[in-house]
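Each chain, letter by letter, is given below.
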Amino acid sequence: MIKAKEMMNSKWLGPGMLLGLLAAMLALPLFSNDYVLIVLWNGMFYALLALGLNIIVGYCGLCDLGYAAKFAIGAYTTGILMKSFGWNFWLTLPMVVLVSLLAAILVGAPTLKLRSDYLAIVTLGFAEIVRITARNLDITGSASGLNAIARPELFGLRLTKSIHWYYVFLVLVILFVFISHRVRSSRFGRALAYIREDEDAARAMGVNTTRYKLYAYMIGAVLGGVTGSFFAVRMTAISPQSFDFTQSANILLAVILGGMGKIPGVIAGAVFFAVFPEIFRDVPFIGDARMLFFGILLVVVMIVRPQGFWPERKRGALK
């Protein structure tokens, strides 16, 4: 029975399946209209955020209720540098990485010794600080936010069409999946798994739990910041309302719904969360109440599959 399950997992995660899925994703815009591309882009956007949060929550077992702050920092850093200082978008990305790292260290270094509810409150408070600060500073556009952010150019082509952003975000998803896989399969990833399963035992084995948790928090912050940077130029406008607690809860819900720690599961959860409400938008008797049905479905899924759609298989001795 165990061997059969392992063969099934290897079949679904084999190179042939991945190449086929990639080919389908590359060809999909040829048969889709702008509306479909926008919905798929929204799914990939949440997939990027979920992959970043998965390193913090899924790999390390931390409780982060303020992940919206991470991509808010990236979005506002890019928006401010482009609007106020005339920077090229691509030159803002290294600065976004730097600012995201500094913010992660500033928050994580003194607080990651906390656990469970206490850490959740700290991350939630930090997210509110970022949102309220953005709402009250002139350089961030105050409550109205920043608008008319210029679209970037890539190889002489200005990225203005939906198909352009579909492929840009597809490349980002592939990059984030690669980073997530490398982290998970590395010695660092195994240390995070030990911390997630039993932090006291990991500390007794010589793992510097505070340092490794900070590293995970920094990586998750950078991925969120980069996603926020691309979000700002894709939307051309950002405001504090885009980074409230509801956004953080949605990202965390996508990770839990898909299966914490499992890369395909996290992506599936994010895509389901973003695409499902749109599928039933024009369905009679359901369209207006689709979010109600969506909420009921989420409750049912959590009862039937509390571990998520595609949970991570326990790795025995964590070799």
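Definitions and cut-offs
Residues numbered from 1 in each chain as written. Predicted model: local features only at pLDDT ≥ 70, side-chain atom pairs only at ≥ 80, totals over all residues. Heavy atoms only, no water. Helix = DSSP H or I, 4+ residues; strand = E, 2+ residues; numbered from the N terminus. Buried < 20%, exposed > 50% of the residue type's maximum accessible area, 1.4 Å probe, protein only. Contact = heavy atoms within 4.5 Å. Areas by Shrake-Rupley, 256 points an atom, 1.4 Å probe, with all protein chains shown as cover. Axes fitted to C-alpha atoms, helices over the stretch in contact; angles between N-to-C directions. Parallel < 35°, antiparallel > 145°, perpendicular 65-115°, else oblique. Left-handed = near helix turned anticlockwise from the far one by under 90°. Core = buried A, V, L, I, M, F, W, Y, C linked by side-chain atoms within 4.5 Å. Phe/Tyr/Trp six-rings, centres within 6.5 Å; stacked < 30°, edge-to-face > 60°. Salt bridge = Lys/Arg side-chain N within 4 Å of Asp/Glu carboxyl O.

Trainee: How should I be thinking about the overall build of the chain in this particular structure?
Mentor: The helix and strand inventory of the chain stands at 13 helices and two strands. Each principal axis of the C-alpha atoms in the chain carries an extent, and together these give about 55 × 50 × 40 Å. When burial is assessed residue by residue, the chain has 46% of its 319 residues classed as buried. Taking the contacts inside the chain whose residues are at least 6 apart along the sequence as the reference set, 76% of them involve residues at least 24 apart. Accessible surface for the chain amounts to roughly 16,200 Å². Of this, 69% is attributable to carbon and sulfur atoms.

Trainee: Would you mind showing me how to read the packing of helix H8 (residues 187-197) against helix H10 (residues 209-235) here?
Mentor: Each pair of packed helices can be summarised by the angle the axes make with each other and by the distance between the axes. Closest axis-to-axis distance for the H8/H10 pair is 10 Å, and the angle between their directions is 115°. Relative to H10, H8 is oriented roughly perpendicular. Of the two possible hands of crossing, H8 and H10 adopt the one that is left-handed. Residues Phe188, Ala191, Leu192 and Ile195 of H8 touch H10, and the partners they reach there are Thr209, Tyr212, Lys213, Tyr215, Ala216 and Ile219.

Trainee: Quick question: what am I supposed to make of the environment of proline 311 here?
Mentor: Inspection of the secondary structure puts proline 311 in the segment after helix H13 (290-304). Each C-alpha atom of the pair proline 311 and alanine 120 lies 23 Å from the other, and the pair is 191 residues apart in sequence. The residues contacting proline 311, other than those within four sequence positions of it, are Gly258, Gly259, Lys262 and Arg305.

Trainee: Explanation requested: the nonpolar core in the structure shown.
Mentor: Generally speaking, nonpolar side chains in soluble globular proteins are found buried as a group. Counting residues in hydrophobic clusters, the biggest one holds 85 residues, and the most contacted among them are Phe169, Phe230, Ile238 and Phe243. The element best represented in this core is helix H3 (residues 34-59), accounting for 15 residues. Sequence-distant contacts of isoleucine 238, that is, excluding residues within four places in its chain, are made with Ala75, Tyr76, Ser144, Gly145, Leu146, Ile149, Phe231, Ala232 and Phe243.

Trainee: Help me understand the packing of aromatic side chains in this model?
Mentor: Aromatic ring pairs are reported here in terms of the distance separating the ring centres and the angle at which the planes meet. Applying the stated criterion across every chain, the model contains 19 aromatic pairs. Considering the side-chain rings of phenylalanine 231 and phenylalanine 243, the 6.4 Å spacing of their centres and the 75° angle between planes classify their relative orientation as edge-to-face. Of this pair, phenylalanine 231 sits in helix H10 while phenylalanine 243 sits in the loop between H10 and helix H11 (245-258), and the two are 12 residues apart along the sequence. We note that phenylalanine 231, like phenylalanine 243, is buried.

Trainee: What's the story with the pattern of salt bridges in this structure? I'm lost.
Mentor: When the charged atoms of two side chains with opposite charge come close together, those side chains can pair. All chains considered together, the criterion is met by seven salt bridges. Here aspartate 64 and lysine 70 are joined by a salt bridge, their closest N and O atoms 2.9 Å apart. You can call aspartate 64 buried: its relative accessible area is 2%. On the basis of relative accessibility, which here comes to 4%, the residue lysine 70 falls in the buried class.

Trainee: I'm lost on the environment of threonine 133 in this one. Help?
Mentor: Note that threonine 133 resides in helix H6 (residues 116-136). For threonine 133, a relative accessible area of 37% gives the class partly exposed. Between the C-alpha atoms of threonine 133 and proline 240, which are 107 residues apart in sequence, the distance is 9.0 Å.

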